[in-house]
Amino acid sequence: VNQTFYELLGYEKYEGNTFYDLVDPASLSLSKDVIANAFQGSPQTFEVSLIHQNKKTVPFLITKIPIVVHDEIVGVFGIAKNISTVKKQKSKLLI
């Protein structure tokens, strides 16, 4: 997690939160399973609700990609996209 990620959630700076601290409890089990799969070598994309500093949930599309060095997975790279606007537009189309 980097500074830009925290800013997307309304935090001015890193406040000691891990990614899992910012995940809505309803999405926590799925998030852990998907990230574990990424650490096994399989890229993953999933939707998750994260908790903004104002305590409201914000929908994100998260992609986790294994980082491989010399045939060994040494970490996972993450890309996060706030999809609030997309979800609102989709909801309007369905009305």
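Up top is the structure.
A. Local environment of the pairing of strand β2 (residues 57-69). Here strand β1 (residues 44-51) runs beside β2; their pairing, made up of eight bridges, is antiparallel. Bridging from a neighbouring strand, F46 pairs with I62 of β2. From the end of β1 to the start of β2, which pair antiparallel, there are five residues, and K55 there has a positive phi angle of about 80 degrees. One ladder, built from ten bridges, connects β2 with strand β3 (residues 72-82); its direction is antiparallel. What sits directly across from F60, in β3, is N82. Here β2 hands over to β3 after two residues, with H70 in that stretch at a positive phi of 50 degrees.

Rules used throughout
Residues numbered from 1 in each chain as written. Predicted model: local features only at pLDDT ≥ 70, side-chain atom pairs only at ≥ 80, totals over all residues. Heavy atoms only, no water. Pairing = 2+ DSSP bridges. Helix = DSSP H or I, 4+ residues; strand = E, 2+ residues; numbered from the N terminus.

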